[in-house]
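Architecture at a glance
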Amino acid sequence: MHNRNYLEQIDTLMERIKKGAFLTVRADGAINTMTIGWATIGYIWQRPVLMVAVRDSRHTFTLMERTDNFTVTIPFDAAHSKALAFCGTKSGRDVDKLQACGLSVKEAKAVASPIVDIAGIHYECTVVYKSAMDSTLLADALEGLYPKKDYHTLYFGEILACYETK
């Protein structure tokens, strides 16, 4: 493992996130991971921040509301594409996705939520702000993305650690 700048190779990281990354959270003794394909990494409020979007219908949302931290693991390659597809289509309410995919977790360095124990880039974040989306913004663009009106809550996490594992 070696530490890295949170913006190092940002173009490559964002392309990998579009293909899928694991958002993992621990709350009330439960651990769940889900696949994300949208995120923003930047600098706001004088802090390095990673913003993730979680729909309130997701089991991960329930856990996110019970804790103040999360991790994001971005795989290095396509070796985990089946696990990403599974974790993006199944609910942690119904199945232990980590077990079903043969994935394990490892304790994070700076937050209570673990990282997925695979080769990749890992972000450890503490929630500094959250906001439910306002559906009146970008109404034309959102219509096609939210036919069920199940908008995301945006979680802004201050990046406390960023590193890669092989």
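The paragraphs below set out a description of the structure included in this document. Source: prediction; values computed, not measured.

**What to know about the overall build of the protein**
A tally of helices and strands in the protein yields five helices and ten strands. Taken against the 2.2 N^0.38 rule, which gives 15 Å for 166 residues, the C-alpha radius of gyration of the protein at 15 Å falls within 12% of a compact globule. Taking the principal axes of its C-alpha atoms as reference, the protein extends roughly 45 × 40 × 30 Å. Considering the protein as a whole, with its 166 residues, one finds that 44% of them fall into the buried category. Pairs at least 24 apart in sequence give 72% of the contacts found in the protein among residues at least 6 apart. Accessible area for the protein stands at about 8600 Å²; split by element, carbon and sulfur atoms hold 51% of it. Considering the protein, the positive charge centre built from 19 side chains and the negative charge centre built from 19 side chains are found 4 Å apart.

**Focus on the state of the cysteines**
Taken as a whole and judged by the stated rule, the model has zero disulfides. As a non-bridged cysteine, cysteine 101 has cysteine 87 as the owner of its nearest cysteine sulfur, 4.0 Å distant. What makes cysteine 101 partly exposed here is its relative accessible area of 23%. Here cysteine 162 stays free of any disulfide, with the sulfur of cysteine 125 as its closest cysteine sulfur at 8.8 Å. A relative accessible area of 7% places cysteine 162 in the buried class.

**So, unusual backbone geometry**
Excluding glycine, most residues fall at negative phi; most peptide bonds, likewise, are trans. One non-glycine residue with positive phi stands out, namely aspartate 28, at about 50°. Counting through the fold element by element, aspartate 28 comes out in the loop between strand S2 (21–27) and strand S3 (30–36). On the basis of relative accessibility, which here comes to 61%, the residue aspartate 28 falls in the exposed class. Here the phi dihedral of glutamine 46 falls at roughly 60°; this positive angle occurs in a residue that is not glycine. Take glutamine 46: it is sitting in the loop between strand S4 (39–44) and strand S5 (47–55). The class for glutamine 46 is exposed, based on a relative accessible area of 72%.

**Some remarks on the nonpolar core**
In this structure, Leu50, Val52, Phe70, Val72 and Tyr123 are the most contacted members of the largest nonpolar core, which totals 26 residues. Looking at which element gives the most residues to this core, the answer is S2, with four residues. Non-local contacts of tyrosine 123, meaning those with residues more than four positions away in its chain, are made with Tyr6, Leu13, Ile41, Leu50, Phe70, Thr71, Val72, Ile74, Ile159, Ala161 and Cys162.

**Description of the pairing of strand S6 (residues 69–75)**
For S6, a buried count of seven out of seven residues is recorded, marking the element as mostly surrounded by other parts of the structure. Every second residue of S6 is oriented toward a common face, with Asn69, Thr71, Thr73 and Pro75 on one face and Phe70, Val72 and Ile74 on the other, all of them buried. One ladder, built from three bridges, connects S2 with S6; its direction is antiparallel. Note on S6: the bridge partner recorded for threonine 24 is threonine 71. Pairing between S6 and strand S9 (residues 120–132): seven bridges, direction antiparallel.

Rules used in this analysis
Residues numbered from 1 in each chain as written. Predicted model: local features only at pLDDT ≥ 70, side-chain atom pairs only at ≥ 80, totals over all residues. Heavy atoms only, no water. Helix = DSSP H or I, 4+ residues; strand = E, 2+ residues; numbered from the N terminus. Rg over C-alpha atoms; globule rule 2.2 N^0.38 Å. Buried < 20%, exposed > 50% of the residue type's maximum accessible area, 1.4 Å probe, protein only. Contact = heavy atoms within 4.5 Å. Areas by Shrake-Rupley, 256 points an atom, 1.4 Å probe, with all protein chains shown as cover. Lys, Arg positive; Asp, Glu negative; His and termini not counted. Charge placed at Lys NZ, Arg CZ, Asp CG, Glu CD. Disulfide = S-S within 2.5 Å. Core = buried A, V, L, I, M, F, W, Y, C linked by side-chain atoms within 4.5 Å. Pairing = 2+ DSSP bridges.

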